Each structure stands twice: as structure tokens, then as C-alpha cells.
Number of protein chains: 2
Amino acid sequence: MDITLVEVAPRDGLQNESHPVTTADKIELIRRSVAAGLRRVEAVSFVNAARVPQMADAEAVLAGVPRDGEISYAGLVFNERGLDRALAAGVDEINVVVVATDTFSRRNQGCDTAEGIARWERLAARAAASGLWRTVTIAAAFGCPFEGEVAPAHVLDLIERVAAAGPDEIALADTIGVGTPDRVRRLVTGLIERAPDALPRCHFHNTRNTGYANAIAALDSGVRVLDASIGGIGGCPFAPAATGNIATEDLLYTLDRMGVDTGVDLGAVIDTAAWLGEVLESPVPALLGRAGRFPAAAVS
Amino acid sequence: MDITLVEVAPRDGLQNESHPVTTADKIELIRRSVAAGLRRVEAVSFVNAARVPQMADAEAVLAGVPRDGEISYAGLVFNERGLDRALAAGVDEINVVVVATDTFSRRNQGCDTAEGIARWERLAARAAASGLWRTVTIAAAFGCPFEGEVAPAHVLDLIERVAAAGPDEIALADTIGVGTPDRVRRLVTGLIERAPDALPRCHFHNTRNTGYANAIAALDSGVRVLDASIGGIGGCPFAPAATGNIATEDLLYTLDRMGVDTGVDLGAVIDTAAWLGEVLESPVPALLGRAGRFPAAAVS
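As recorded in an unreviewed UniProt entry, chain A goes by Hydroxymethylglutaryl-CoA lyase and comes from Nocardia yunnanensis. Listed under Sequence similarities (unreviewed entry) in UniProt, the entry text for chain A is "Belongs to the HMG-CoA lyase family."

Visitor: Could you give an account of the overall build of chain A, with specific residues and numbers?
Guide: In terms of regular secondary structure, chain A is built from 12 helices and eight strands. For 300 residues, the compact-globule formula gives about 19 Å, and the C-alpha radius of gyration of chain A, at 18 Å, lands near that figure. Dimensions of chain A along its principal axes, counting C-alpha atoms only, are 60 × 40 × 35 Å. Counting all 300 residues of chain A, 62% fall into the buried class.

Visitor: If you had to explain the interface of chain A and chain B to someone new, which residues and values would you point to?
Guide: With 42 residues of chain A in contact, the opposing surface of chain B contributes 42 residues. When the two sides are added together, the surface that chain A and chain B hide from each other amounts to roughly 3400 Å², 56% of it contributed by carbon and sulfur. Among the residues chain A hides against chain B, the three largest losses belong to Arg 208, Asn 209 and Phe 294 of chain A. Together they make up 20% of the total. Glu 149 of chain A serves as the salt-bridge partner of Arg 257 of chain B, at 2.7 Å between the closest nitrogen and oxygen. Taken together, chain A and chain B are joined by 16 residue pairs in polar contact (both at pLDDT 80 or more). Breaking the side of chain A that touches chain B down by element, the ones donating at least two residues are α8 (181–194), α9 (211–220), α10 (248–257) and α12 (288–291) of chain A.

Visitor: Explain a negative patch on the surface to me, using residue names and the numbers behind them.
Guide: All names here are of chain A. Residues Asp 2, Asp 256, Asp 261, Asp 265 and Asp 271 make up a contiguous surface patch of negative charge. Along the chain, Asp 261 falls in the loop between α10 and α11 (266–280). Overall, Asp 261 belongs to the partly exposed group, its relative accessible area being 45%.

Visitor: Quick rundown of the relation of the copies chain A and chain B? Include the residues and the values.
Guide: The two copies are related by a screw operation: chain A maps onto chain B through 180° of rotation and 0.0 Å of translation along the axis, at an RMSD of 0.0 Å. In the structure described here, the two chain copies are related by an operation that fits a two-fold rotation axis. For chain A, the smallest separation between a C-alpha atom and the rotation axis is recorded for Ala 213 of chain A, amounting to 1.9 Å. When you check the interface residues of chain A against chain B, 100% turn up at the interface there too, and the contact is symmetric in its surfaces.

Visitor: Residues and numbers for the sheet that holds strand β8 (residues 225–228) of chain A, please.
Guide: Residue and element names in this part refer to chain A. Taken together, eight strands build a closed barrel; the order of strands is β1-β2-β3-β4-β5-β6-β7-β8 and the barrel is parallel. Strand-to-strand, the axes of this sheet are offset by a mean angle of 30°, without reference to chain direction. Across six bridges, the pairing between strand β2 (residues 40–46) and strand β3 (residues 72–77) is parallel. Bridging across to β3, Val 44 finds its partner in Gly 75. On top of the sheet, helix α2 (residues 23–35) reaches β1 (4–7), β2 and β3; it is set at about 160° to β2, its chief contact.

Visitor: Could you give an account of the environment of Phe 104 of chain A, naming the residues involved and the relevant values?
Guide: All names here are of chain A. Of note, Phe 104 is situated in helix α5 (residues 102–109). By relative accessible area, Phe 104 is classed as buried at 2%. Considered as a pair, Phe 104 and Ala 140 are 36 residues apart in the sequence and their alpha carbons are 8.1 Å apart.

Visitor: Lay out the side chain of Glu 7 of chain A with the relevant residues and their values.
Guide: Residue and element names in this part refer to chain A. Inspection of the secondary structure puts Glu 7 in strand β1. One buried charged side chain, Glu 7, makes no salt bridge at all; its nearest oppositely charged neighbour is Arg 201, positioned 11 Å away. A distance of 2.9 Å separates the side chain of Glu 7 from the backbone nitrogen of Ala 9, its partner in a polar contact. Of note is the side chain of Glu 7, whose polar atom sits 2.8 Å from the backbone nitrogen of Ile 230. Glu 7 has contacts with Ser 33, Leu 38, Arg 40, Val 41, Glu 42, Ala 228, Ser 229, Ile 230 and Thr 248, leaving out every residue within four places of it along the chain.

Visitor: Tell me about the pairing of strand β4 (residues 93–99) of chain A, residues and numbers included.
Guide: Along a regular strand, successive side chains alternate from one face of the sheet to the other. All names here are of chain A. Taken across its seven residues, β4 has seven buried, putting it largely inside the fold. Residues of β4 alternate between two faces, with Glu 93, Asn 95, Val 97 and Val 99 on one and Ile 94, Val 96 and Val 98 on the opposite face, all of them buried. The β-α-β motif built from β3, the intervening helix α4 (residues 80–89) and the parallel element β4 has right-handed crossover chirality. Relative to strand β5 (residues 133–139), β4 runs parallel, the two sharing seven bridges. Each residue of the ladder has a partner; that of Val 97, found in β5, is Thr 137.

Visitor: Account for the packing of helix α7 (residues 152–163) of chain A against α8 of chain A, naming residues and giving values.
Guide: Residues and elements named next belong to chain A. It is the contact of α7 with α8, at a shortest axis distance of 10 Å, that shows an interaxial angle of 30°. By the angle between their axes, α7 is roughly parallel relative to α8. In the packing of α7 onto α8, the handedness of the crossing is right-handed. Side by side, α7 and α8 meet where Pro 152, Val 155, Leu 156, Asp 157, Ile 159 and Glu 160 of the first sit next to Arg 183, Arg 186, Leu 187, Gly 190, Leu 191 and Arg 194 of the second. Its residues placed into classes, the contact of α7 with α8 shows six nonpolar, one polar and five charged.

Visitor: Got a sec to walk through the nonpolar core? Specific residues and values, please.
Guide: Counting 200 residues, the largest nonpolar core has Leu 172 and Leu 226 of chain A together with Leu 172 and Leu 226 of chain B as its most contacted members. Residue contacts for Leu 172 of chain A: discarding those within four places in its chain leaves Ile 138, Ala 141, Phe 142, Val 155, Ile 159, Leu 187, Val 188, Leu 191, Arg 201, Cys 202 and His 203 of chain A.

Visitor: Lay out the sheet that holds strand β1 (residues 4–7) of chain B in plain terms, naming residues and giving numbers.
Guide: All names here are of chain B. Taken in spatial order, the eight strands close into a barrel running β1-β2-β3-β4-β5-β6-β7-β8, and their pairing is parallel. Averaged over all pairs of adjacent strands, the angle between strand axes in this sheet comes to 30°, irrespective of strand direction. Pairing of strand β3 (residues 72–77) with strand β4 (residues 93–99) involves three bridges; the strand directions are parallel. Bridged to Leu 76 within β4 is Asn 95. Along the sheet face, helix α9 (residues 211–220) touches β6 (169–174), β7 (199–204) and β8 (225–228) and points at about 170° away from the line of β7.

Visitor: I'd love a proper account of the packing of α9 of chain A against α9 of chain B, names of residues and values included.
Guide: Running from N to C, α9 of chain A and α9 of chain B cross one another at 50°; their axes reach a closest spacing of 6 Å. Here α9 of chain A lies oblique to α9 of chain B, going by the angle between them. The handedness of the crossing between α9 of chain A and α9 of chain B is right-handed. Contacts from Tyr 212, Ala 213 and Ile 216 of chain A of α9 of chain A reach α9 of chain B at Tyr 212, Ala 213 and Ile 216 of chain B. The class makeup of the residues in the contact of α9 of chain A with α9 of chain B is six nonpolar, no polar and no charged.

Definitions and limits used
- Residues numbered from 1 in each chain as written.
- Chains lettered and ligands numbered in written order.
- Predicted model: local features only at pLDDT ≥ 70, side-chain atom pairs only at ≥ 80, totals over all residues.
- Heavy atoms only, no water.
- UniProt positions renumbered as here; feature names shortened; annotations may be inferred.
- Helix = DSSP H or I, 4+ residues; strand = E, 2+ residues; numbered from the N terminus.
- Rg over C-alpha atoms; globule rule 2.2 N^0.38 Å.
- Buried < 20%, exposed > 50% of the residue type's maximum accessible area, 1.4 Å probe, protein only.
- Contact = heavy atoms within 4.5 Å.
- Buried area = accessible area lost by both parts, 1.4 Å probe.
- Salt bridge = Lys/Arg side-chain N within 4 Å of Asp/Glu carboxyl O.
- Polar contact = N/O pair within 3.5 Å; in protein donor to acceptor, adjacent residues only side chain to side chain.
- Patch = residues over 30% accessible without salt bridge, like charges linked within 9 Å, V, L, I, M, F, W, Y side chains within 5 Å.
- Areas by Shrake-Rupley, 256 points an atom, 1.4 Å probe, with all protein chains shown as cover.
- Lys, Arg positive; Asp, Glu negative; His and termini not counted.
- Charge placed at Lys NZ, Arg CZ, Asp CG, Glu CD.
- Least-squares fit on C-alpha atoms with pLDDT ≥ 70 in both.
- Pairing = 2+ DSSP bridges.
- Axes fitted to C-alpha atoms, helices over the stretch in contact; angles between N-to-C directions.
- Right-handed = clockwise from strand over helix to strand, strands pointing away.
- Parallel < 35°, antiparallel > 145°, perpendicular 65-115°, else oblique.
- Left-handed = near helix turned anticlockwise from the far one by under 90°.
- Nonpolar A, V, L, I, M, F, W, Y, C, P; charged D, E, K, R; others polar.
- Core = buried A, V, L, I, M, F, W, Y, C linked by side-chain atoms within 4.5 Å.

If you want it as C-alpha cells, here you go:
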């Protein structure tokens, strides 16, 4: 089994860290990620710099990253202006987020879910004309910090509605880390049934220690593209107490030992996480750097 | 689906915490666990007090716990002297550990695996005559801190050998937190096949963020008894860098949302974990107390 890991620390990770990170360090994080074998990187977000100052240097970051033709860089895009910037900066992919609940959508994007879908449709059409890979992410697909439970039937309906615009990929995001494996299986199975032309992808947070179990459940259900963040950094500034993507190195440890091929070097990711902890002046939440590899960690 | 959680914080948790805990606080931890609905508690270990001073007050702890006839208290027993103490203290269950590798067995128990099995056979016979529930735990079943990989075929062979003494229950323990879900499925399936008369049980640590995924894999494979530790405290003093059982509250959150019945009250466990963090003067590693329940944690 081959799995593609999408490295999201440069975007979902750093966007949600309060410690300032220089443009040079962002580029270095991406350079190290690529050197470790990660081939898809969510590098930046093209959002209003006044609202998300951490991503104000998106163009400068993308201007400095390695380009060898094999790496695919994604930028988050929320509107036409963002797409203009993404095209000018030379991204390979855009990721457009549709939030599953109206309340969270308004707080996150200033519009309700229906208008979010309409935005996605307009952006998808323009991005297709430009030849970009187009991912649409359904955020809060497993629960909302403001509205609570999100019914699976509602998410499946949203999947059909966003699929109508012909995305290359549909991602289900557990934005606040409340999902459980049974729900993952149900929604992924529904995603594959209702959007057979889109690649299924999942994005998990480990806020309540369900993230890795959810990742395994997604694999079991047919997902072959998983998001992860080096060091497990990041969260969601709009969702109180939501902390931490699943960590690239901890997920990779599991996948390596399960014989799943990712093409990513675990040691290089662990080293990068340690470096990132120094940049952020705080140890990263991932566990592998503390516990050590196995069996390489064996003592005599 | 009904699942029985075995609360191991009083034994596997506290045994591996360096902060001293009074007998009164140990009893209070057990009292709170039982009040939360936990019906099996690994309460103490009957070991040499010079070697494991944290468990020196085993008799005093058991003398103070609530006895309402529905609660089953287990004690870890390593030898004849320990069984004598366990019987005198009025345990309901004994748990005898057989370590899967000779090196770890010698460091942990002062004998190799074969002698560990012989000990188990002698203890099983005496405990059966006294009417105690007898669990045998195969430690380091997923990997050894000293010998590295542990072959599944070796563990399956050990299962057959310990099953010959007629245990009520056989537990597979990932003592140092290196297991992955595929290995869990393989060993649990083998356990059920090779020891059909013993109840299968699993014991996971979350040292490398695989513990909860392993617990779900165990359930998928037929296990209905899982160990967990309130707050996720504990580890293994003989295994360097091995920290933390899976946390009762984080596992319970997942099971509750999956519709799995345990009879345990999540809020009471979260409160107990917070209390335990105060006793240990250090926040517990479990995440639920920090992230909050969902959807009860929803904000407006």
C-alpha cells in the first residue's frame, strides 16, 4: 500500500502558532520537508494579512522553496483575490475550505456554508482553467465548536454539492479533533460512494487522542492521502482549545512499521521536528522525538 | 458492544510515578475509580518492597478500598510469597506477568522466560485452588527495549504455553508502546484462535502515539477487555523512555462516541484525573482534561 502524506506544518501548523517565524525559517521548514521525501506541501495561505499576519509573506515563502518539478505546493485560497495571488505565486494546487456549519463558517470565512460552496464553485472553475490541482476541504466535518454535533447525512450532502464542481480531491477535516474511528469509516465510505471521481483525503487533529486511530480508520476505508504536521504543531485559532495536527513523524512511525510505503525518511522528519521546536522555542507535541525510534532506540 | 475497562492507574500508573503518594491517596484514587463506574481495578503489586517501594503498602491499600461485591480487585503477583500476600489481602484476581524476551524477563523478574512460565504454572494452580480469577499477561509482546523486535510467531507460541495452565484471561501487553494496529490484529486473532478458553485482554501504552489506534484495532479483532489508566499516568521503570498508559478518559471519550457501553462516567473520570494531577503535582498526560468534552465543550 502506498500513502501520500501532505505536509501541513508550514500552513496549518505555523498559522496557528503564536511564536513569530521568519520567512527564512518557513522556507527552511519546507526545504527540510522536501529533503525528507515529502512530495506534497501545504505551504501557505492567501488570506487577508490583517486577519492572519502569520501568512502575510506567502509570496516570499513560495519564491524561496525548492522547485524540482516533483514537488507540489498548495496554497489555501478563500476568494478571488486569493486565487489571483496564488496564480501569480506559482502554486501547483489550491485548497478551498467549505465549513460544514453556518456558525463556524461565518466566524472563519465571513459567510454561511451555502455561500462558501458558491465561492468554491467560482474558484474551482477559474483554477481548472489555469490547470491547478483543486482540493476542496470540508471543515468541521466531525463536529463544530459552536454548533456541536454535525450530522453525517449533512456532511454527505455537502460532499455531493462540492463534488458537482469537479474537484480533483475532497478532504474531510476534523478541524477541532472530535472525530472517532466509526464516524471516519462512515464518512469516508460515503465520500468514496458519492464522489467517485475525486481523490479522498483526510485531515485529523489529535486534540482528544483520537487522531491516529482516525488516520488508521481512514486507511482501512480506502483513503490514500493523509495530512500531517511535522512535530504535530498547529491547531485552529477560531476553535477554542483545539490544538495539534497529527504529527508527521508519529504517523510515519506507525505506517513504516505497518509496511505502508510513503517515500518519507523518518529520521529526517524527527530531526526537522527537533529543529522546529528550537525555532518555536517550545518542544513540539509529537511523541516520537521524546520516546525514540524503535527498534533503533533499543539499548543493550 | 460492551467493553470492560480495567483501571490500572493505582498499580501500573502509580508504580511508575516518582512522586510519592500516600496510602490514603491511593485508596482515594480507587474509591473515585469505583465511584466512576469502573468495576475491575488493578489495585496493587505484591512485590519486594525494597525493589518497588511505591507498592510497599499493598495490604494497607486493599484494606481500605470499598467492597460492595461488584468490584473485582487485582494484584500483580510474581512468586509464591506474593501469592500468599495476595490471598491474605483478599484480592479477587491475580495477574502474573510472563515477559516475552529473556533479557527483559531477567531484568524485570530475575529469571528467563521459560522460568517465568514455570512460575506462572505454579501460581495458576494454587490460585485456582483458592478460587481467584487468574490473568496471565505476556509483557513486551509487541517489542522489547533490550532485544528489539519480538516475532509474532514467538508470542503465539508463548500464548499456547501459558494457556496450558488454564488461565481465565490472557493479556497482551505493549509494555514499551511500540506496537501498531496491524500487529495488534495479528496477535489478537492468534490469541483467540490458540487460547479459545481464555478471555482476551490488551494493555497498551501511548509512548509513540499508537496506543489508541491499537485499542481500536483490538476491539475490531474481538477484544472486550482493555486496560487504561486515569490521566494516562505510568510507564515502565525498566524500559527507558517508556511513558504513559493509554488514558481512561481519552479512551472512554472515543468509546462513548462510538456507542460502546462501558458503564463508566466520563465526567467523573475527568474530575478524578484532575485530582490525580494535583496529588502528583504535575498535570496528567491525558488530553481530554485540557481539550474538554465534546459536544459539552461547545461554546456559543
